[in-house]
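# Remarks on the overall topology
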Amino acid sequence: MIPQFVVEHSPALMVVVPLLAAFVAPFSGKVSHAARAVLVGGAMGITSLLALVLASDVYAHGTRIYVFGAGSAALAVPPDSGGIPVRIVFAVDQMGALMLVIAAVSSLSVIVYSLASERGHSGLGNFYTLFLLMVTGILGMVSTGDVFNFFVFLEILSIASAGLVAFRIDGGPAVEAAIKYFVLSTLGAFAILIAIGIYYGEYNALNMALIAQRMQFTLLDKVALALFVAALAMKCGAVPMHFWTPDAYSMAPSSVTALLVVASQASLYGLFRVVFSLYGVVLNAACVGWFVIVLGVLSMVVGVTMAIPQKNVKRLMAYHAISQTGYMLLGVGVGLAVLGNRPFLEAFGYMAMEGGLFHIINHAMYKGLLFLTAGAIFYRVGTYDLNRMGGLGHSMKWTMVFFIIGALAIAGIPPFNGFASKLMIYESVFAFNPALSVIAMVVSILTLASFVKVFHSIFMGPVLPEYRDVEEVPLPMLAGMGILALVVVFFGLFPSLVVDTLVAPAAHALADRGMYIAAVLSGGA
Amino acid sequence: MIGSLPYVAIVALLLIGLATIVLKQNLIKVFLGLVIVESAVNLFLVSLGYREGGIAPIYTNAPEGTMVLPTPQALTLTSIVIGVATTALLLSFAVIVWRKYGSIETGFMRRLRG
């Protein structure tokens, strides 16, 4: 049904389609609003389809290698190159395919939403250009198999997202947030570039698989690891490098915030890829694993305690995003800590990793949904201040339903998806260290408490006089939220289906470093 | 001959850049600190690929002898291009801050609260 050509070139097309659409978007806006909507929506639709095609191919046939400038994947290592993969390589294993699907689905729903929510604003051509560039950056980061290429996509992502955070200048604070975010991102990117230089100096290679194969774990490699972990933990908003997150998340337009969540998941993916595939068991896994666990627990606790006193609904959600990132770090950190210990890994390590990875998907879905509902409320009410809202449940019923779904999912209440992944994390982490599991549960309860507060102050109570004329948001915005809400409910109802078919292969692919190296260096499984 | 002199320079530049970012109040100076850090990283990449007495890595009519490694130079070129984009965006932020706040001292940028 799908032409072989498309399947074969899907890794490259995934990046090319949004990149080309990004630069056509301003011109299509000169024709009409509808033309731009068709172009932007169509480009994202095609990208999502490609992601699904590629993912199903990867899940069926194993790791896909795409070599730029060569006819076949077998030429990843040219015969006359002395065993060095000189060309730029995209390597998509199950883990990468999972991230591609998450990124594509949530960006599709976000773009459908923003077609309505940004309609009344100016400068839309530039908005969509930056938006699509951000998508390009995310997709490139998760599919590349080359450290320098990773840096380039990371910078595309940083520049586009900094531009978008400052997009509605709003009297200055948005630019402040963007400066904070961008200076930190740039410093992080330079740290990564230094690490790349160290790898090149030591191993004469930029290809992740080859570096992994030649990895000696010298002092310089430890320095490079520290640089990578610090930069990527900062980009994904883990405590103690989290302080840009609430500012950037709360000042960006809501549709952009939902995409920023996906961007932090991509950084998280980068972190896992470096720690597992580049270093794997050669590093002192227990030590680095514990470091990741401590980052995770700190993020969970600090995030949720900072969220409770917030008055601005988007700032509150941003702190919750930090807190939820902690769960992913905790789950995957436990998996990493027992990576060298086969019986423990079989007993609970894989399950902890699956829980962490499953939480990444769930988080991208429900957090995106929550930010979109916050945007919907702002669209009608014009404020993010919880104290000035109230009684909106009477007029914005659908938004309320979507908010409830998102809030229950983030708090880990069955039957929504957050419950499924959190349960996996609780169980497996309990086997590793009961205290960590208890902390995770307490954080969940605090999350629920603060969302009950938010729900009450936004939707409950009598209709306020100033919001008497408030109506439900336009259909495309509801559709964007609806896609995510459907996924949230579906994943919550059939978690085992998702875990068995999608998440477990990804966790195994991440833990199995040898397979990744062999797949890339031999040109695909 | 020059030994590890470039690396000393790199570390010095990195420290100067970081100190500028942390200590200075003026936004333009903070951004200049970032540019200095960037130059340090670029210098690091170039010096990695340098070979004592090497010639430019162009194969046409190349004389006998060692060549300087071409890949780090390509990386540096890419990094410079990205750096220009970064600096341009940061400076345009500074312009907006100047227009909205009437100052580019970070001490005045305290409107973001919550």
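Computed from a prediction, not measured in an experiment: that's the story for all the values here. (Residues numbered from 1 in each chain as written. Chains lettered and ligands numbered in written order. Predicted model: local features only at pLDDT ≥ 70, side-chain atom pairs only at ≥ 80, totals over all residues. Heavy atoms only, no water.)

### Description of the overall build of chain A
Looking only at helices and strands, one finds 19 helices and two strands in chain A. The globule rule puts the C-alpha radius of gyration for 525 residues at 24 Å, and the 22 Å found for chain A is close to it. Based on the C-alpha atoms only, the size of chain A along its principal axes is roughly 75 × 60 × 45 Å. Counting the 525 residues in chain A, one finds 64% classified as buried. Of the accessible surface of chain A, which amounts to about 16,900 Å², a share of 71% is contributed by carbon and sulfur atoms. (Helix = DSSP H or I, 4+ residues; strand = E, 2+ residues; numbered from the N terminus. Rg over C-alpha atoms; globule rule 2.2 N^0.38 Å. Buried < 20%, exposed > 50% of the residue type's maximum accessible area, 1.4 Å probe, protein only. Areas by Shrake-Rupley, 256 points an atom, 1.4 Å probe, with all protein chains shown as cover.)

### Topic: empty space enclosed by the protein
Residues and elements named next belong to chain A. This model, assessed by the stated rule, comprises five cavities of 30 Å³ or more. Computed from the structure, the largest cavity encloses a volume of approximately 60 Å³. Forming the boundary of the largest cavity are C236, G237, T245, Y249, V261, S264, Q265, A321, I322, T325 and H363. Mapped onto the lining of the largest cavity, the elements with two or more residues apiece are α9 (244-251), α10 (254-279) and α12 (313-337). Residue composition of the lining of the largest cavity, grouped by class: five nonpolar, six polar and no charged. (1 Å grid on protein atoms, 1.4 Å probe; cavity = no way out; pocket = protein on both sides within 12 Å on 5 of 7 lines; lining within 4 Å. Points joined across faces, edges and corners; volume = space filled by probe spheres on them. Nonpolar A, V, L, I, M, F, W, Y, C, P; charged D, E, K, R; others polar.)

### Some words on the confidence of the model for chain A
The pLDDT averaged across chain A works out to 88; a share of 98% of its residues lies at or above 70. Ranking the elements of chain A by mean pLDDT puts helix α19 (residues 513-521) of chain A last with 85 and helix α5 (residues 147-165) of chain A first with 93. (pLDDT = per-residue confidence, 0-100.)

### Quick notes on the state of the cysteines
Residue and element names in this part refer to chain A. Scanning the model with the defined rule gives zero disulfides over all chains in all. Note on C236: no disulfide assigned, nearest cysteine sulfur contributed by C287 at a separation of 18 Å. Judged by relative accessible area, C236 falls into the buried class, the value being 3%. (Disulfide = S-S within 2.5 Å.)

### Details of the nonpolar core
By size, the foremost hydrophobic cluster in this structure holds 234 residues, and its most contacted members are F228, L330, L357 and L392 of chain A together with F93 of chain B. For this core, the element with the highest residue contribution is helix α6 (residues 173-203) of chain A, accounting for 21 residues. Those residues in contact with L392 of chain A, other than ones at most four positions away along the chain, are I377, V381, I458, F459, Y467 and V470 of chain A. (Core = buried A, V, L, I, M, F, W, Y, C linked by side-chain atoms within 4.5 Å. Contact = heavy atoms within 4.5 Å.)

### Some words on unusual backbone geometry
Residues and elements named next belong to chain A. Each neighbour pair has its own omega, and for V239 with P240 the value is 10°, a cis peptide bond. Mapped onto the elements, P240 comes out in the loop between α8 (219-235) and α9. Cis geometry is found at the peptide bond from P414 to P415, where omega equals 5°. One can find P415 in the loop between α14 (397-411) and α15 (417-432). With a phi close to 55°, N204 is a non-glycine residue in the positive phi region. Position of N204 relative to the elements: it lies in the loop between α6 and α7 (208-214).

### Quick look at a nonpolar patch on the surface
Side chains of F490, L493, F494 and L497 of chain A sit close together on the surface and give an oily, nonpolar patch of about 380 Å² of accessible area. In this structure, F490 of chain A sits in helix α17 (residues 475-493). (Patch = residues over 30% accessible without salt bridge, like charges linked within 9 Å, V, L, I, M, F, W, Y side chains within 5 Å. Salt bridge = Lys/Arg side-chain N within 4 Å of Asp/Glu carboxyl O.)

### Overview of helix α2 (residues 33-61) of chain A
Under the 1.5 Å per step criterion, the end-to-end length of α2 of chain A is 42 Å for 29 residues, consistent within 8% with the ideal 42 Å. Looking one or two places after α2 of chain A, you find G62 of chain A, whose phi comes out positive at around 90°. (Expected span 1.5 Å × (residues − 1).)

### Topic: the pattern of salt bridges
All names here are of chain A. Within the structure shown, the criterion is met by five salt bridges over all chains. Among the ionic pairs, R64 bridges to D57, the shortest N-O distance being 2.7 Å. For D247, the salt bridge goes to R315, with nearest N and O atoms at 3.1 Å. Of the two residues, D247 is situated in helix α9 and R315 in helix α12; the sequence distance between them amounts to 68 residues. Accessibility assignment for this pair places D247 and R315 in one class, buried. Salt bridges sharing partners connect three or more residues here, namely K180, D247 and R315.

### Regarding the interface of chain A and chain B
In this complex, chain A contributes 34 residues to the contact, which on the side of chain B involves 34 residues. Taking both partners together, chain A and chain B bury about 2,900 Å²; carbon and sulfur atoms supply 85% of that area. The interface formed by chain A and chain B holds zero salt bridges in total. Counting every contact that joins chain A to chain B gives two residue pairs in polar contact (both at pLDDT 80 or more). Of all the secondary structure elements, the ones that give two or more residues to the side of chain A that touches chain B are α5, α6 and α9 of chain A. Broken down by element, the residue count for the side of chain A that touches chain B peaks at 17 residues, all from α6 of chain A. Partitioned by chemical class, the residues of the side of chain A that touches chain B number 22 nonpolar, eight polar and four charged. (Buried area = accessible area lost by both parts, 1.4 Å probe. Polar contact = N/O pair within 3.5 Å; in protein donor to acceptor, adjacent residues only side chain to side chain.)

### Observations regarding the side chain of R273 of chain A
Residue and element names in this part refer to chain A. Along the chain, R273 falls in helix α10. With a relative accessible area of 3%, R273 lands in the buried category. A distance of 2.8 Å separates the side chain of R273 from the side chain of S277, its partner in a polar contact. Not counting chain neighbours up to four residues away, the residues in contact with R273 comprise D93, M95, G96, M208, L278, L510 and Y516.

### Section: the environment of L295 of chain A
Residue and element names in this part refer to chain A. Here L295 is to be found in helix α11 (residues 285-307). Considering only alpha carbons, one finds L295 and L478, 183 residues apart in sequence, at a separation of 36 Å. When sequence neighbours within four positions are dropped, the list of residues in contact with L295 reads A233, V239, P240 and L329.

### Considering the packing of aromatic side chains
Residue and element names in this part refer to chain A. Applying the stated criterion across every chain yields a total of 25 aromatic pairs over all chains. The interplanar angle of 20° and the centroid separation of 6.1 Å between the aromatic rings of Y199 and F228 together place this pair among those described as stacked. You can see Y199 sitting in helix α6 and its partner F228 sitting in helix α8, a full 29 residues away along the chain. Grouping residues by exposure puts Y199 and F228 together as buried. For the pair F378 and Y384, a centre-to-centre distance of 4.3 Å together with 10° between the ring planes defines the contact as stacked. Chaining the aromatic ring pairs together yields one cluster made of Y66, F68, F90 and F153. When the ring centre of Y516 is taken as origin, the NZ or CZ atom of R273, which lies over that ring, is 4.6 Å away. Stacked on the ring of Y327, the Lys or Arg K422 has its end atom at 4.6 Å from the ring centre. (Phe/Tyr/Trp six-rings, centres within 6.5 Å; stacked < 30°, edge-to-face > 60°. Lys NZ or Arg CZ within 6 Å of the ring centre and 35° of its normal.)

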